[in-house]
Amino acid sequence: MKEYWGSLASILGVLAFCQSLLHVLFPPELRFATLKLFNRVFNMFSSYCYFDITEIDGVNTNELYNAVQLYLSSCVSISGSRLSLTRALNSSAITFGLTNNDTIFDTFNGVTVLWEHIVTQRQAQTFSWRPLPDEKRGFTLRIKKKDKTLILDSYLDYIMEKASEMRRKNEDRLLYTNSRGGSLDSRGHPWESVPFKHPSTFETLAMDPVKKAEIIEDLTDFANGQSFYQKTGRAWKRGYLLYGPPGTGKSSMIAAMANYLGYDIYDLELTEVHHNSELRKLLMKTSSKSIIVIEDIDCSIDLSNRKKGGPNNSSSIGRSYCDPEMRSGSGVSTGDEGGNSITLSGLLNFTDGLWSCCGSERIFVFTTNHIDKLDPALLRSGRMDMHVFMSYCSFPALRILLKNYLGNAESDLDEGVLKELEEVIDKAEMTPADISELLIKNRRNKDRAVIELLEALKNKAEMKLKSGECVREKNLNDVGEEEEEEEQEKRALESPKEGCDYEDGIKKEEEDEEKKIK
């Protein structure tokens, strides 16, 4: 046994001597140069080239690594039977990715590339202001040398765009509000947000299908129009004005737009904003790919039509909107009274001025029940590019509501009932909100829901008809009274003339008698 341990010790001694001899004959610098030369010779004869994308670039997170990780999660041709599942913060989707040292092939413009996910243990860390993870993670991209230019010029940019799109779709929509006006919180943000869970989509929106298709096409062209806006020198933004009676689906339209595009919503409450500077501050803190909404703009602050005078506007005729009193939200000097001093000029710059260009891919949406009360400056193209009239419920919109709430298709309803509904729906002038309430109340009994809806539409149409007859009768009475008043005025004008002729005749007879006497 002693002989065995003695021989083992002698062998280890020889190995240690040889290792020390190698260190003397081949110092680290020489070994590094040899390895570098070997890699160069290998790369010279190899038809591939390799690119490493590490998770940590120095002390900062490498955005390209995160983009590649998210992009590869959308691929289904993963080699291997074990995948990593992740769910990011504020995300509604679960994504999968490559595990340690797994590979995946991808194809771009007819070129096949290989991605490999490499994970190694990090060596003992020295002092650092930011602790680094225990593992070093990175992706290695292998491509053919002849495809190097094509891949590096467009493939990586495509990955970044695709990852950004996927991240936006996976994330929950947010609804922002300026409950503190324009003041900043501890993080320097003037907006507060909550998750946006509105289920409205263009499929469920009760609206004329032709008009709906036109809006969808316009939104699609806008979202894909970055190169067009850059080429024409226009800010990448668009304005929508939704107007119509209450209950016609203006808020549901905004939610459908946000869900279709995957945009966040900024609900701007103008009554909480006190100065134009706060308005600009709020605009600067909005993100791209968002919808900025001002609901009931005619009720928020005084932005009425300058061409229409109010009850006391005799002194304001001919005054321009540059007048502070005409531009002020309250119409009076706010001074120290703490009132609202947002001006029309400030709001116009907010939607179409230089400050509106501090972001990109944003949509401004104004809603109002009375479009005639708005100033024409707010309605022109460039500020409100598309005016959408949200009308009373039409027959195509009614069919959508029946399908949404009752699950009825046209084949499920009697042709006679459908014909009656089609004949009476336009005469009744009921909003989609009113019809939806009737359908929700009787959603458990579909036949009863349709019967009560038809009765309600007929009653509303009859009331509208009687109301119209009363208005016409009143107008006829007003016309008759006006004609009678005109006749009386005519008689009054003619009566003095007849009296004057009678007096002139008497005077003439007296003069003739005096001449005869003479």
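Residues numbered from 1 in each chain as written. Predicted model: local features only at pLDDT ≥ 70, side-chain atom pairs only at ≥ 80, totals over all residues. Heavy atoms only, no water.

## Focus on helix H15 (residues 432–441)
At 3.6 residues per turn, the α-helix brings residues three or four places apart onto the same side. Taken together, the buried positions of H15 are Pro432, Ile435, Ser436, Leu438 and Leu439. What you see down the axis of H15 is that its buried residues fit within an arc of 160°, all on one side. Facing away from the buried surface of H15 by more than 90 degrees, the exposed residues are Glu437 and Lys441. (Buried < 20%, exposed > 50% of the residue type's maximum accessible area, 1.4 Å probe, protein only. Helix = DSSP H or I, 4+ residues; strand = E, 2+ residues; numbered from the N terminus. Arc of directions from axis to C-beta.)

## Comments concerning the sheet that holds strand S8 (residues 135–144)
Read from one edge to the other, the open sheet built from 4 strands follows the order S1-S8-S7-S6, with strand pairing classed as antiparallel. The open sheet has two edge strands with one neighbour each: strand S1 (48–54) and strand S6 (103–108). Strand-to-strand, the axes of this sheet are offset by a mean angle of 25°, without reference to chain direction. Across the sheet, helix H3 (residues 63–72) touches S1, S6, strand S7 (111–121) and S8, and the angle it forms with S8 is around 70°. On top of the sheet, helix H4 (residues 148–170) reaches S1, S6, S7 and S8; it is set at about 70° to S7, its chief contact. (Pairing = 2+ DSSP bridges. Axes fitted to C-alpha atoms, helices over the stretch in contact; angles between N-to-C directions. Contact = heavy atoms within 4.5 Å.)

## Regarding the side chain of threonine 367
Along the chain, the position of threonine 367 falls in strand S14 (residues 362–368). Within the local environment of threonine 367, its side chain forms a polar contact with the backbone nitrogen of aspartate 296, the two atoms lying 2.8 Å apart. Ignoring any residue separated from it by four or fewer positions in sequence, one finds threonine 367 in contact with Leu242, Lys250, Ile254, Ile294, Glu295, Asp296, Ile297 and Asp298. (Polar contact = N/O pair within 3.5 Å; in protein donor to acceptor, adjacent residues only side chain to side chain.)

## Remarks on the nonpolar core
By size, the foremost hydrophobic cluster in this structure holds 27 residues, and its most contacted members are Met253, Met257, Ile363 and Val365. By residue number, the principal contributor to this core is helix H7 (residues 250–261), which donates 7 residues. What methionine 253 contacts, discounting residues up to four positions off in sequence, is Phe202, Leu205, Met207, Ile215, Leu242 and Met390. (Core = buried A, V, L, I, M, F, W, Y, C linked by side-chain atoms within 4.5 Å.)

## What to know about the pattern of salt bridges
Within the structure shown, the criterion is met by 8 salt bridges. Of the charged contacts, one joins aspartate 264 and arginine 173 as a salt bridge, the two residues approaching to 3.8 Å between their closest N and O atoms. Of this pair, aspartate 264 sits in strand S12 (residues 264–267) while arginine 173 sits in the loop between H4 and strand S9 (174–177); the two residues are 91 residues apart in sequence, bridging distant segments of the chain. The pair formed by aspartate 264 and arginine 173 is uniform in burial state, with each residue classed as buried. In this structure, glutamate 462 and lysine 466 form a salt bridge, with 3.6 Å as the shortest nitrogen-oxygen distance. Here the residue glutamate 462 and the residue lysine 466 both occupy positions in helix H16 (residues 446–517), the gap between them amounting to 4 residues, near one helical turn. (Salt bridge = Lys/Arg side-chain N within 4 Å of Asp/Glu carboxyl O.)

## Details of the sheet that holds S9
Strand order in this open sheet of 7 strands is S10-S9-S12-S13-S14-S11-S15, and the pairing throughout is mixed. Only two strands of the sheet have a single partner each, and these edge strands are strand S10 (192–195) and strand S15 (386–389). In this sheet, adjacent strand axes meet at a mean angle of 20° when their direction is disregarded. Bridge count between strand S13 (residues 290–294) and S14: 5 bridges; the pairing is parallel. Bridging across to S14, isoleucine 294 finds its partner in phenylalanine 366. Docked against the sheet, H7 engages strand S11 (237–243), S12, S13 and S14, running at close to 170° with respect to S14.

## As for the packing of H3 against H4
Remark: H3 packs on H4, axes separated minimally by 8 Å, with the N-to-C direction vectors making an angle of 70°. The angle between H3 and H4 places the two elements in the roughly perpendicular class. For the pair H3 and H4, the contacting residues are Glu63, Leu64, Asn66, Ala67, Val68, Leu70 and Tyr71 in the first and Tyr155, Tyr158, Ile159, Met160, Lys162, Ala163, Met166, Arg167 and Asn170 in the second. Class assignment for the residues of the contact of H3 with H4 results in 11 nonpolar, 2 polar and 3 charged. (Parallel < 35°, antiparallel > 145°, perpendicular 65-115°, else oblique. Nonpolar A, V, L, I, M, F, W, Y, C, P; charged D, E, K, R; others polar.)

## Considerations on the packing of aromatic side chains
Counting across every chain of the model gives 14 aromatic pairs. Centre to centre, the rings of tryptophan 115 and phenylalanine 139 are 6.2 Å apart; their planes meet at 90°, and the pair counts as edge-to-face. Of this pair, tryptophan 115 sits in strand S7 while phenylalanine 139 sits in strand S8; the two residues are 24 residues apart in sequence, bridging distant segments of the chain. Exposure remark for tryptophan 115: the relative accessible area of 0% places this residue in the buried category. Note on phenylalanine 139: relative accessible area 3%, which makes it buried. A centroid spacing of 4.9 Å and a plane angle of 75° characterise the contact between tryptophan 191 and tyrosine 266, whose relative ring orientation is edge-to-face. Linking tryptophan 191 in the loop between S9 and S10 with tyrosine 266 in strand S12, this pair joins segments that are 75 residues apart in sequence. Taken together, Tyr65, Tyr71, Phe108, Trp115, Phe139, Tyr155 and Tyr158 form an aromatic cluster joined through their ring pairs. Lying across the ring of tyrosine 48, arginine 142 places its NZ or CZ 4.1 Å from the centre. (Phe/Tyr/Trp six-rings, centres within 6.5 Å; stacked < 30°, edge-to-face > 60°. Lys NZ or Arg CZ within 6 Å of the ring centre and 35° of its normal.)

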